[in-house]
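Summary of structural features
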Amino acid sequence: MNTHGTKTGTNTDTRLRGPAVWALVLTGVASFMAALDNLVVTTALPAIREDLGGRLEDLEWTVNAYTLTFAVLLMFGAALGDRFGRRRLFVIGLAIFTGASAAAALSPGIDALIAARAVQGVGAAIMMPLSLTLLTAAVPAARRGMALGIYGAVTGLAVASGPLIGGSLTEHISWQWIFWLNVPTGLALIPLARLRLAESTAPGSRLDLLGTLLISAGLFGIVYALVNANAEGWTSTPVLTGLIAGTALVGGFVHHGIRSANPMLPMRLFRNRGFLGINAASLLMFLGMFGSIFLLSQFLQNVAGYSPTEAGLRMLPWTGMPMIVAPISGILSDRIGGRPVIAVGLALQALGLGWFAVILSADVSYAAQLPALIISGIGMGLYFAPASHVLMSTVAPADQGKASGTNTALREVGGALGVAVLASVFAAQGGYESPQAFTDGTVPALWIGAVAVALAAAFALLLPGRPKSSRGPDAGTADDAAATPRPAKVPAAH
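So, here is what we can say about the structure in this document. This structure is a prediction, so every number in the text was calculated from the model and none was measured.

Here we come to the overall build of the chain. Check the secondary structure of the chain and you find 17 helices and 0 strands. Expressed as a percentage of the 494 residues in the chain, the buried residues total 54%. A sequence separation of at least 24 residues applies to 81% of the contacts in the chain between residues at least 6 apart. Of the roughly 19,700 Å² of accessible surface on the chain, 66% is carried by carbon and sulfur atoms.

Here we come to the packing of helix α1 (residues 18-39) against helix α5 (residues 110-138). One can describe the packing of α1 onto α5 by two numbers: an axis separation of 9 Å at closest approach and a directional angle of 155°. It follows from the interaxial angle that α1 and α5 lie roughly antiparallel. Judged by the twist between their axes, the crossing of α1 over α5 is left-handed. Taken together, the residues of α5 that come into contact with α1 (itself represented by P19, A20, A23, L24, T27, A30, S31, M33, A34 and D37) are R117, Q120, A124, M127, M128, S131, L134, L135 and A138. Taken together, the residues that form the contact of α1 with α5 break down as 13 nonpolar, 4 polar and 2 charged.

Okay, the pattern of salt bridges next. This model, assessed by the stated rule, comprises 2 salt bridges. Where R117 meets D37, a salt bridge forms, and the shortest distance between an N and an O atom there is 3.7 Å. Taken together, the positions of R117 in helix α5 and D37 in helix α1 put the pair 80 residues apart, joining distant regions of the chain. In this pair, the class of R117 matches that of D37, namely buried. The closest approach of N and O atoms between R86 and D82, which form a salt bridge, is 2.8 Å. Each member of the pair, R86 as well as D82, is classed as buried.

Basis of the calculations
Residues numbered from 1 in each chain as written. Predicted model: local features only at pLDDT ≥ 70, side-chain atom pairs only at ≥ 80, totals over all residues. Heavy atoms only, no water. Helix = DSSP H or I, 4+ residues; strand = E, 2+ residues; numbered from the N terminus. Buried < 20%, exposed > 50% of the residue type's maximum accessible area, 1.4 Å probe, protein only. Contact = heavy atoms within 4.5 Å. Areas by Shrake-Rupley, 256 points an atom, 1.4 Å probe, with all protein chains shown as cover. Axes fitted to C-alpha atoms, helices over the stretch in contact; angles between N-to-C directions. Parallel < 35°, antiparallel > 145°, perpendicular 65-115°, else oblique. Left-handed = near helix turned anticlockwise from the far one by under 90°. Nonpolar A, V, L, I, M, F, W, Y, C, P; charged D, E, K, R; others polar. Salt bridge = Lys/Arg side-chain N within 4 Å of Asp/Glu carboxyl O.

Structure representation (structure tokens):
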């Protein structure tokens, strides 16, 4: 029993205690590792290419093998935890991720590294969604907002510091240490998780094996075709087979989501204009952002001549800016609603990528790049803070778990597609032969990224506007009133 409970009718002690603290620490560190491995490899790519060899396509798979398995198995991993025990599967996910990290560090060649990265993604897909579930269950409702805020900040810090940590380890030790870093951390977390986290299940949950197989095979086929199109030709049998079969399988997944009684992704959710808008915007935003970071982190080393650490530092105005901007954007979204904040943020991100495309040259100075980095970073920060809240406001409470999983998966799919699409444009227009060739390939790819994020801004306009105080939440949407118990006259903040 909490002896430091409510002091008055409105003031509640917000300190975390005992199991809640352990849950926050353990799940926060696990999510930090999984989020870090999304971007930590980007500044290490030139060193990996020099050490292990490989073509552009191999570098793409070094990134995409992780993001793709993470994306397609994320909701299945959450369902496994619900069925067989969340703590048990969280520990299994940690073990898989830790073992795969060691395998990646020991990889003798690029193919072994890609395979280890794919297994890493499997582990992350199990532990990431369950970390949030375990944390939510361990923290009392009165303190949950604070705990989730800290959890989100830790994940954001991982994204911000990924290129810098990857660059520093690569330069001062070796690229293998971006993976060795996970091993002692994971080995420490596994026994602590078994001892300090409470077990829980959801006995009525069902596994959607067919849906998982359809979307996994479909997305793999499409990404495989995009990655290999320039090397093998757009009309080659493997590329055409990947595109046609992959598209058909994704179509089968959509049909399955419409017809099945218990699909992993109910397609009925997309009938809501806001749900469709925020998910389309998220996919396109990550497509443009991830693909651009993949190329620009290499540009800073291969063309501008910076060391891995220097490249990581110079990416911070972009990747680190959301840590500063997110609190401001949260206040703005409370006052004027999430739709204008998200739309402006995405427009700024598109402007930043377009700025890069205009000024980039083989001898461009960092000072000329800095405005584009700052503008892109501000745009990211304005998008991230209100996006999750807006997402949850578009669905009923019973569907919020699937909504969150869907949005996270689509972000990862967008990242995988972004690397594949922009690298395909890069390969068609340039290459690694010289600084000028690298620049010639990067510029048109950045224009594609800018257009994708601009389309994301357009989709953000589909989001529901801020409810008018005179009539409460918008009719026809499952708004925050369902999740936040307030009188009908007071609108839930967006």
